[in-house]
Amino acid sequence: MKSLGFAIAKRVAAFALALIVLAGALEPAMAGEVRFGKNVRVGGHDFSNQTFDSKHRARIYLYNQKPRREGCVWRKDGHGGRVKVCHLQRK
């Protein structure tokens, strides 16, 4: 019985180590920055030369009909950053 418990503990430890390595490998991808270049349009609005990162983020909602609150507005995110919330109509 003791050897069975030791084998299970080894597998759990190996799984936890694999999760830590995977999280470390994905961390640079999550901490990235998005830069839009020239002539970038989303839902008819110009997003050219805008940069979004962990402090300045964007939430863009696209609707098939005219949205109730059309346009974009900057809001606080509660963590020291800002979020650009856009409600846009698809073309």
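Throughout this description, residue numbers start from 1 for each chain and increase along the sequence as written. Where local features are concerned, this predicted model is filtered to residues with pLDDT of at least 70; where side-chain atom pairs are given and counted, the filter is 80 or more; whole-chain, interface and lining totals use all residues. Excluded from the side-chain calculations are hydrogens and water; all other atoms, namely the structure's heavy atoms, are used.

Here we come to the overall build of the protein chain. From N to C terminus, the protein chain includes one helix and seven strands. Only DSSP runs of H or I with at least four residues qualify as helices, and only runs of E with at least two residues qualify as strands; both kinds are numbered from the N terminus onward. The order of α-helices and β-strands along the protein chain, N terminus first, is α-β-β-β-β-β-β-β. The cut-offs for exposure are 20% and 50% of the maximum accessible area for each residue type, with area from a 1.4 Å probe on protein chains only; residues under the lower value are buried, those over the upper are exposed, and the others partly exposed. In the protein chain, buried positions account for 15% of the 91 residues. Nonlocal contacts in the protein chain, meaning residues at least 24 apart in sequence, comprise 42% of its contacts between residues at least 6 apart. Looking at the protein chain as shown, the accessible area adds up to about 7800 Å², and 57% of this sits on carbon and sulfur atoms. A contact between two residues is defined here by any heavy atoms of the two lying within 4.5 Å. Per-residue accessibility takes into account occlusion by the displayed protein chains alone, with areas from the Shrake-Rupley method and a 1.4 Å probe.

Let us now look at the sheet that holds strand E5 (residues 56-63). Here, any two strands with at least 2 DSSP bridges between them count as paired. Taken together, three strands build an open sheet; the order of strands is E5-E7-E6 and the sheet is mixed. Every other strand in the sheet has two partners, leaving E5 and strand E6 (71-76) as the edge strands with one partner each. Here the average twist between neighbouring strands, direction ignored, is 20 degrees. Here E5 runs beside strand E7 (residues 82-89); their pairing, made up of eight bridges, is parallel. Note on E7: the bridge partner recorded for Ala58 is Lys84. All axes here are fitted lines through C-alpha atoms, helices being fitted over the stretch that makes contact, and every angle between N-to-C directions spans 0 to 180 degrees.

With that settled, the discussion passes to the pattern of salt bridges. Oppositely charged side chains can pair when the atoms bearing their charge come close. By definition here, a salt bridge exists when the distance from a side-chain nitrogen of Lys or Arg to a carboxyl oxygen of Asp or Glu is within 4 Å. This structure, assessed with the given rule, holds two salt bridges. Between Lys66 and Glu70 there is a salt bridge, with the nearest N and O atoms lying 3.4 Å from each other.

What follows concerns the state of the cysteines. In this description, the term disulfide denotes a pair of cysteine sulfurs within 2.5 Å. Counted by the stated rule, this structure contains one disulfide. The disulfide bridge from Cys72 ends at Cys86, spanning 2.2 Å between sulfur atoms. With the S-S bond torsion at 120 degrees, the cross-link from Cys72 to Cys86 turns out right-handed. Placement of Cys72 in strand E6 and of Cys86 in strand E7 is noted, with a sequence separation of 14 residues between them. Under the relative-accessibility criterion, Cys72 is labelled partly exposed at 34%.

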